[in-house]
Amino acid sequence: MLVSEFDYTLPEELIAQTPAEKRENSRMMVLGVNDKTITHKHFYDIVDLLDNSHVLILNNTKVIPARLYGYKDTGAKIEVFLLKEGVNKEWQVLIKPSKRVKPGTKIKISNELSVEVISPMPDNGKWLVKMIYEGDILDILHRVGNIPLPPYIERKMTSDELKKLDFERYQTVYAKDEGSVAAPTAGLHFTQDILKKLADKGVQIGYVTLNVGIGTFRPVKCENVLDHKMDSESFEISQETADLINRAKADGKKIVAVGTTTVRTLETAYKQFGCIKACNSASELFIYPPYEFKVIDKLITNFHLPKSTLLMLVSALAGKDFIFRAYEEAIKEKYRFYSYGDCMFINKEHE
């Protein structure tokens, strides 16, 4: 299977640069997989589409302010994008422009934080650096860092108003455990009011945590799908959520995953244990057609980049031809794409 089979052309003006005025007012395309129907709704209609036969599972990871702007001694401006924390204050990062740094380069972010470049890493242009600071790194990042918006959302040194908007809106209302460098964007449409309305209808709600990495932004570079390797992302499933899902499966209820990160968390756990167990683990699971889903039945998800692993995952659930027909219609109907954009509800009933 070739990566080029998952390509499509998107008019640039359909890439959402800011979120909808209200989270729940995003548009939602509903795909009926079995009968190949496409209907157009708004996200607040999700309350009418779910009932007490559904269990909703969300990823409650929290985005850290992982984008740092700093300067070398020469005055050259450098961007450091935090990816993964290691030991002894070492981090894996991306550096832009990387040609301006070498091992030993120091980048001053603020009076309380500097970054010293250690060495380039062998994969995907990453660098190993040492963070120089006193105190709690997360507290410092909240003071000096910026929300790590994906590259297709264009922000330079943003205004305070825009920065405040991103801090609030590039985060789910139920975000809890800090550790992600990208938001689980399907969850951005939920409000506390919608969660309450769903609970009042008898929809059971559970949470997992998967810390989203940079791989979520990146198109697949190799030509053959099978040659791609996923970045490892850590996840956690609580005993409460494991029990909720296992009971639901035994009772014949439908598992509705919110976002591809939730899908990979649950499917990885099943692959590792043969059921859902409370665990701290990591996922490198690459889902592409054909794939037999063991845990999830339905999916709420945003519209994804061409040639991305996320587009391959939704193609595995709904069928590649049907997904591409839906994307074609979304473009025609001027849906807003990607992280700050609209969403789809893939409604797959088992036959």
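Our subject in this report is the structure included herewith.

Brief notes about the pairing of strand E6 (residues 77–85)
Relative to E6, strand E5 (residues 67–71) runs antiparallel, the two sharing five bridges. Note on E6: the bridge partner recorded for Tyr 69 is Glu 79. Counting the residues that bridge the hairpin from E5 to E6 gives five residues, and of these Gly 75 lies at a positive phi of roughly 95 degrees. A loop of four residues connects E6 with strand E7 (residues 90–96), the two strands running antiparallel in sequence, and Asn 88 in this loop sits at a positive phi of about 55 degrees.

Here's the deal with the side chain of Asn 59
Mapped onto the secondary structure, Asn 59 falls in strand E3 (residues 54–59). A distance of 2.9 Å separates the side chain of Asn 59 from the backbone nitrogen of Leu 210, its partner in a polar contact. Residue contacts for Asn 59: discarding those within four places in its chain leaves Tyr 174, Pro 184, Val 208, Thr 209, Leu 210, Val 212, Thr 261 and Thr 262.

Description of helix H2 (residues 137–144)
Restricting attention to buried positions, one finds in H2 the residues Ile 137, Ile 140, Leu 141 and Val 144. Down the axis of H2, the sector holding all buried residues measures 100 degrees, keeping them to one side. Buried residues along H2 sit against E5, E6, E7, strand E8 (106–110), strand E9 (113–120) and strand E10 (127–132). Here H2 starts with a cap whose side-chain oxygen sits 2.9 Å from the backbone nitrogen of Leu 138, and that cap is Asp 136.

Let's talk about the environment of Asp 297
Structurally, Asp 297 can be placed in the loop between strand E15 (279–283) and strand E16 (298–302). Judged by its relative accessible area of 3%, Asp 297 falls in the buried class. For the pair Asp 297 and Val 256, spaced 41 residues apart in sequence, the C-alpha separation works out to 6.0 Å. Within the structure, the side chain of Asp 297 is placed 2.7 Å from the backbone nitrogen of Ile 255, a separation counted as a polar contact.

Some thoughts on the nonpolar core
Counting residues in each nonpolar core, the largest one holds 71 residues, and the members touching the most others are Leu 266, Ile 296, Ile 323, Phe 337 and Ile 346. What Ile 346 contacts, discounting residues up to four positions off in sequence, is Leu 31, Val 33, Lys 298, Leu 299, Thr 301, Val 314, Leu 317, Ala 318 and Ile 323. Within the second largest apolar cluster, 28 residues are counted, among which are Trp 91, Trp 127, Val 181 and Ile 214.

So, how was this worked out
- Residues numbered from 1 in each chain as written.
- Predicted model: local features only at pLDDT ≥ 70, side-chain atom pairs only at ≥ 80, totals over all residues.
- Heavy atoms only, no water.
- Pairing = 2+ DSSP bridges.
- Helix = DSSP H or I, 4+ residues; strand = E, 2+ residues; numbered from the N terminus.
- Polar contact = N/O pair within 3.5 Å; in protein donor to acceptor, adjacent residues only side chain to side chain.
- Contact = heavy atoms within 4.5 Å.
- Buried < 20%, exposed > 50% of the residue type's maximum accessible area, 1.4 Å probe, protein only.
- Arc of directions from axis to C-beta.
- Core = buried A, V, L, I, M, F, W, Y, C linked by side-chain atoms within 4.5 Å.

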